[in-house]
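Observations on the model geometry
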Amino acid sequence: MSVSTNAVPLRRSLKALLLALPLLLMGCGDTSNSPEDPRILGFPPQVAYLGVDYNYNFGAVGGDNLLNYSLVNNPSWLALEATTNKARKGIVLRGVPGITGGREGEDDLGQYDNIRIATNDGNLIGDSEFSVEVRHNPLELAAGTVTEGEPYEPEVSKDSDEVCEVPDMSVSPGVTVDHQNIVTGDKEVTGPGDYSGAARDYQTHRALIRVDLGQPSVEPMAVRFRIEGQECDPADAEELPCEYEDGKQNQAIYGEDLVLDGNTRYGSGFPEPPEYLEYLSEDDTGGTGLLHFEAGQTTCFIPVWVHDDNLAENTEVFNVELQEVTEGIASLDENGAVRTRSISIEDDTPTADFEAESITVSENGGREVTATLNRSNDTGETLYAAVEVAEVNDGSPWEVKLCPDQGSSDSECATVDEDGNDDSLVIEFAKGSNEATFYVQAQTGSDAPLREEVMRELQFDQSFQYGREFAAATTDSTVETHISEWPDDVTQSELGFPVDRLVAGALGEVYVAGVDSSRAIRLQSINRLGNPDVSAGAQSDVVALGENSGVDSGDWPQTSEAIQLAFAGQNTGTKGSPQVTRYLGVAYPTASDEGMVKLFRSTISTRDFDDDGNDETERSERGDEFLWQRSPVAGGVWDQKTLDVNQNGTLYASAVGDGSVRAGRIDTGEDSNGNPIADPAWTESLEATDPLLNGLFATDTAGIVALGSDRGAVDPGSFIGGEDFYLFSRDADGGAVNERVQFGTEGEDRATLSDADGSRFWLAGDEGGPYEGDGSGDFEEDAEGSARPFLIAVNSNGALQGAIHPSDLDDQVSNIQALAVSGDDAFIAGQTGDDRVYLMGVRYTGSSSEDEPSIEQRWSTIVDGADSIADMDNYRDRKLYLVADEGSEQWIRLFDQSGNALTQPPTP
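All of these numbers come straight from a predicted model, not from anything done at the bench. Every chain begins its residue count from 1, and numbering advances along the sequence as written. For a predicted model such as this one, the threshold for reporting local features is a pLDDT of at least 70, and the threshold for listing and counting side-chain atom pairs is 80 or more; totals across whole chains, interfaces and linings nevertheless cover every residue. With hydrogens and water excluded, all non-hydrogen atoms of the structure serve as input to the side-chain values.

Our focus in this paragraph is the overall build of the protein. Put simply, DSSP marks the helices as runs of H or I at least four residues long and the strands as runs of E at least two long, and each gets a number from the N terminus on. Helix and strand counts for the protein come out as four helices and 61 strands. Relative accessibility thresholds used throughout: buried, under 20% of the residue-type maximum; exposed, over 50%; partly exposed, between the two (1.4 Å probe, protein chains only). Counting every position in the protein, which comprises 908 residues, the buried fraction comes to 49%. We call two residues contacting when some pair of their heavy atoms lies within 4.5 Å. Taking as baseline every contact in the protein between residues at least 6 positions apart, the subset at least 24 positions apart corresponds to 63%. Accessible areas in this description were obtained via Shrake-Rupley with a 1.4 Å probe; residue shielding takes into account the shown protein chains only. If you sum the accessible surface of the protein, you get close to 41000 Å²; carbon and sulfur atoms cover 41% of it.

See the structure below:
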């Protein structure tokens, strides 16, 4: 078979004829195609920069013949190139503002509107209009932070043609630095004359200061720069050499901290600078040079040499200034240019800080304080630091001593007293160590029971480190040192009744409640001085409630340990006239099974009441402080269990009975005579099976949150198994905030104690778990091990935030008898397996750690002489008040937030 080579063209011709046939049949007249008008394609950039190539590759469509192009109303620097767009009909638009068109420089700046590019084919015409703004090409000094002992290299793309060559950063020449004013070791200095000049040998490292040009220039560009340190006039020296006086400590010293040209300053041994850098001059305070950018480069570097010295220094800065563009076109001041920059040098000396944020010291006693380094002392020498008490002027008669050790002689201690006489104590960090300890003591005292405890701040004497070899670098952190003026345990014999409940007040006082031998309820406060004396006029910070107090106690409680206390206080005065308003709630079950709730309100004000020029402290009238009492529930058999009060005096009470939990809010109203009365706002019930209730808390996010456990479903909760924890909340008006939540495991989950601070709720018990979280707030069900004492933290939705079993930390822990919390810290106390009493501090780590939230033990101690714990409360994370039984006696002992005893048994 043969195939005609004309077959394909023939078929195409037939197809074209068939397509054209309908047009012929329609009788159309002119069948020619009219050419389309030429049309310019694309939009050129609207911004151009001086000295920078500006171009755009135009395209066009349409026209019947070859297109011609023209530019109308264009600036002199902008023109059409003869080059034709090879991809499509079109042409290239190009220019360099400031250079092409007559090198007009900055005269080319500004806005150019209504520029037109036109095209025609000899018959048809098309055009397009656009605008261009010409801006400065800015130079910018980049920010950076240098660390002594390390080379510093900014992040750049080293392979880019726009970046200058990065010099060798591995070289670290040795230098001999002449210091003008240094002091060695722990030598005491009293003025500039105690410093001396000395030469020291160090290593030095390159630090690259990055300089960026906004856009690549078509021509080389050069800029003159200056590196400068502090200027110091020795005549300015007062207590310290002028380079260490205020305003100078944060400024680097040129020549002693850094140099620009090492070979000029120290002789040979430094590598030659990169080709794009030219040194010009050097003086005592700085050095100058030229930085060259080749055409097309946008990033170059100014290398400086930073010395790794043996001096502890603040973070210091040196200044870099781009002074003048000496070649090419670039701006130092316009379009975002940055011509000056302060570059920080961070010291590499180990930094000293305080281990604790606050401490509490007992009156006429003391405690050890630990200072720490951020790393072990790796300098090969002993490091020194100095601590002092911050200057105060509050007129308080307290003398604070800082001593090397407990029992140090007065000559070894540094002292600050009420006259402002102060000194600093030098402490030592041994080679390879990261800790140093010292002892702080507080002496003399105050007899003003209504003021808050005295506070002093410990700080580092930063002037000690200036110019000193082998001193630790220090921060401006402080340690709040609170002085507890409660020196001795308060005993049951002093009070006249055993304490069942204790709650901390607003000014360091505590409120205690119990039942005396005559079955009268006793409510009494102990002021911050530890004075429980209620005799006539002995002190004004004590309340007492009993059979003869003038306040009706109602029926006596069923059991003495069922008394509940709640306290809230706030500053309701002004800065010039402070006033503290305190609310104290008391509740207990009664023989009639309805319970009793009482609310007290007192105020303490400080101002010049008698206009004698001196401020006096005044307390509200005692007869006005008892507000009201009432049964918290309306009829029925209810066992009053929990109580809380907020800073506005709103009281919440809850009880259990008849297979449910009842919680209510009680406000303070007025009767027709204007006297305060109880004003119940609402009562809500929670249906349950066999409920226990051990926590009720007024919160910022909800009116109340109640905690407990139940052996069945808590309507409308979901029963998990065994006994479950439950949580339910109400807003201030009694409306639901969350559904009632049941949480826990399929085992027996029963808490005997609970406490809260903010939106974190803590539950403790003697036998539960083992508890572990699964990372999502749920309890891990397959945790191995047996039930044992536990402490867990949950949020307001019942999601587990952390769990700890103290027996895992100390096999001697057998139960938890008391719980107190403050922020992320919780404190527990109870008995060990050998019947001793322990006190333990733990911390929730989820607020400050990126790790999985957990609860970690911070410390534990044995409480000497105690047999068991009756109650405990925390005062502002400064002090713990512990009520302990010892045989037939009982006492209240104070501990600091690290478990150190602040009070001791009174001297017989």
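Two cysteines form a disulfide when their sulfur atoms are joined by a covalent bond. Our working definition of a disulfide is a cysteine sulfur pair at a distance within 2.5 Å. For the structure shown, the criterion picks out three disulfides. C164 shares a disulfide with C300; S-S distance 1.7 Å. Of this pair, C164 sits in the loop between β11 (145–147) and β12 (174–184) while C300 sits in strand β18 (residues 299–308), placing them 136 residues apart in sequence. Across the pair, exposure class does not vary: C164 and C300 are buried alike. Residue C403 pairs covalently with C413 via a disulfide, S to S 2.1 Å. Its torsion about the S-S bond being 115°, the disulfide of C403 and C413 is classed as right-handed. Here C413 lies in the loop between β25 (399–403) and β26 (414–416) and C403 lies in strand β25, a separation of 10 residues in the sequence. Accessibility expressed as a relative area gives 0% for C403, which makes it buried. Cysteine pairing in the protein follows 1-4, 2-3, 5-6, where each cysteine in a disulfide is numbered by its order in the sequence.

A score from 0 to 100, pLDDT tells how confident the predictor is in each residue. Looking at the protein, the pLDDT average stands at 86 and 87% of residues meet or exceed 70. Segment residues 1–33: pLDDT under 50, and one contact once partners within four positions in sequence are set aside and those in other chains are kept. Long-range and interchain partners of residues 536–540, a stretch whose pLDDT sits below 50, account for eight contacts in this model, where long-range means more than four residues apart.

Direction of pairing for strand β39 (residues 579–588) relative to strand β40 (residues 596–607): antiparallel, over a ladder of 10 bridges. Residue pairing in the sheet places V586 in a bridge with K598 of β40. Strand pairing is assigned whenever DSSP detects at least two bridges linking the two strands. Relative to strand β41 (residues 616–619), β40 runs antiparallel, the two being bridged by four bridges. If you follow T606 over to β41, its bridge partner there is T617.

Here the focus is unusual backbone geometry. Here the residue pair G769 and P770 is connected by a cis peptide bond, since its omega of 10° sits within 30 degrees of zero. With respect to the element layout, P770 can be found in the loop between β52 (760–768) and β53 (788–794). We note that N73 has phi near 60°; this positive angle belongs to a residue other than glycine. Within the secondary structure, N73 is located in the loop between β5 (68–72) and β6 (78–84). Overall, N73 belongs to the partly exposed group, its relative accessible area being 49%.

Two rings from Phe, Tyr or Trp (for Trp, the six-membered ring) form a pair when their centres sit within 6.5 Å of each other. Planes less than 30 degrees apart are called stacked, planes more than 60 degrees apart edge-to-face, and all others tilted. For the structure shown, the criterion picks out 21 aromatic pairs. Seen in terms of ring centroids, Y54 and W77 are 5.7 Å apart; in terms of plane orientation they differ by 90°. Their pairing is edge-to-face. In this pair, Y54 sits in strand β3 (residues 54–57) while W77 sits in the loop between β5 and β6, placing the two residues 23 residues apart along the sequence. On the numbers, 4.3 Å between centres and 15° between planes, the contact of F354 with F460 is stacked.

Attention now goes to the sheet that holds β52. The strands making up a sheet associate through hydrogen bonds between their backbones, and the pairing can be parallel or antiparallel. Read from one edge of the open sheet, four strands run β51-β52-β53-β54, paired in antiparallel fashion. Here the strands that pair on one side only, and so sit at the sheet edges, are β51 (753–757) and β54 (800–804). The mean angle between the axes of side-by-side strands here comes to 20°, regardless of whether they run parallel or antiparallel. In the sheet, β52 pairs with β53 via six bridges, with the strands oriented antiparallel. Across the sheet, the residue bridging to W762 is A793, located in β53. For helices, the axis comes from a line fit to the C-alpha atoms of the stretch in contact; other axes are also lines fit to C-alpha atoms, and the angle between any two N-to-C directions lies between 0 and 180 degrees.

With that settled, the discussion passes to the sheet that holds strand β48 (residues 704–710). Spatial ordering of the open sheet is given by β47-β48-β49-β50, a layout of four strands whose pairing is antiparallel. Looking at strand neighbours, the two that pair on one side only are β47 (692–698) and β50 (741–743), the edges of this open sheet. With direction set aside, neighbouring strand axes in the sheet form an average angle of 20°. Relative to β48, β47 runs antiparallel, the two sharing six bridges. Opposite L693, over in β48, you have G708 as the bridge partner.

Next up on the list: a negative patch on the surface. On the surface, E746, E772, D774, D778, E781, D782 and E784 cluster together into a patch of negative charge. Looking at the element boundaries, E772 is found in the loop between β52 and β53. Patch membership needs two things, relative accessible area over 30% and no salt bridge, and members are linked within 9 Å if like-charged or within 5 Å if nonpolar (Val, Leu, Ile, Met, Phe, Trp, Tyr). Any Lys or Arg side-chain nitrogen located within 4 Å of an Asp or Glu carboxyl oxygen qualifies as a salt bridge. By the counting rule applied here, Lys and Arg register as positive and Asp and Glu as negative, while His and the ends of each chain are not counted. Charged side chains are reduced to one point each, which is NZ for Lys, CZ for Arg, CG for Asp and CD for Glu.

Attention shifts here to the nonpolar core. In terms of nonpolar packing, the biggest core is built from 43 residues, with L139, I227, L291, I302 and F318 touching the most fellow members. What L291 contacts, discounting residues up to four positions off in sequence, is V211, M221, A222, V223, F225, Y276, L277, C300, F301 and I302. Buried Ala, Val, Leu, Ile, Met, Phe, Trp, Tyr and Cys residues form a nonpolar core when they are joined through side-chain atoms within 4.5 Å. Membership of the second largest hydrophobic core comes to 30 residues, among which are A385, A414, I427 and L458.

Moving on to the side chain of T745. Considering the arrangement of structural elements, one finds T745 in the loop between β50 and β51. A distance of 3.1 Å separates a polar atom in the side chain of T745 from the backbone nitrogen of G747. Side-chain atoms alone can form a polar contact between residues adjacent in sequence; in general such a contact is a pair of N or O atoms within 3.5 Å, and within protein one must be able to donate a hydrogen while the other accepts it.

Note that R367 resides in strand β23 (residues 366–373). What makes R367 buried here is its relative accessible area of 15%. At 3.1 Å, the side chain of R367 and the side chain of D896 are in polar contact. With residues up to four places along the chain from it excluded, the contact list for R367 reads I359, T360, V361, F438, Y439, V440, D896, S898 and N900.

As a further point, take the environment of Q812. When you line up the elements, Q812 lands in the loop between α4 (806–809) and β55 (818–822). Linking Q812 and D834, residues 22 residues apart in sequence, is a C-alpha distance of 7.2 Å. Residues contacting Q812, with those up to four places away along its chain left out, are Q831, T832, G833 and D834.

Of note, V597 is situated in strand β40. Judged by its relative accessible area of 0%, V597 falls in the buried class. Through-space distance from the C-alpha of V597 to that of W628 is 8.3 Å; in sequence the pair is 31 residues apart. Once residues lying within four places of it in the same chain are set aside, the contact partners of V597 are V586, A587, W628, Q629, R630, P632, L643, L651 and A653.

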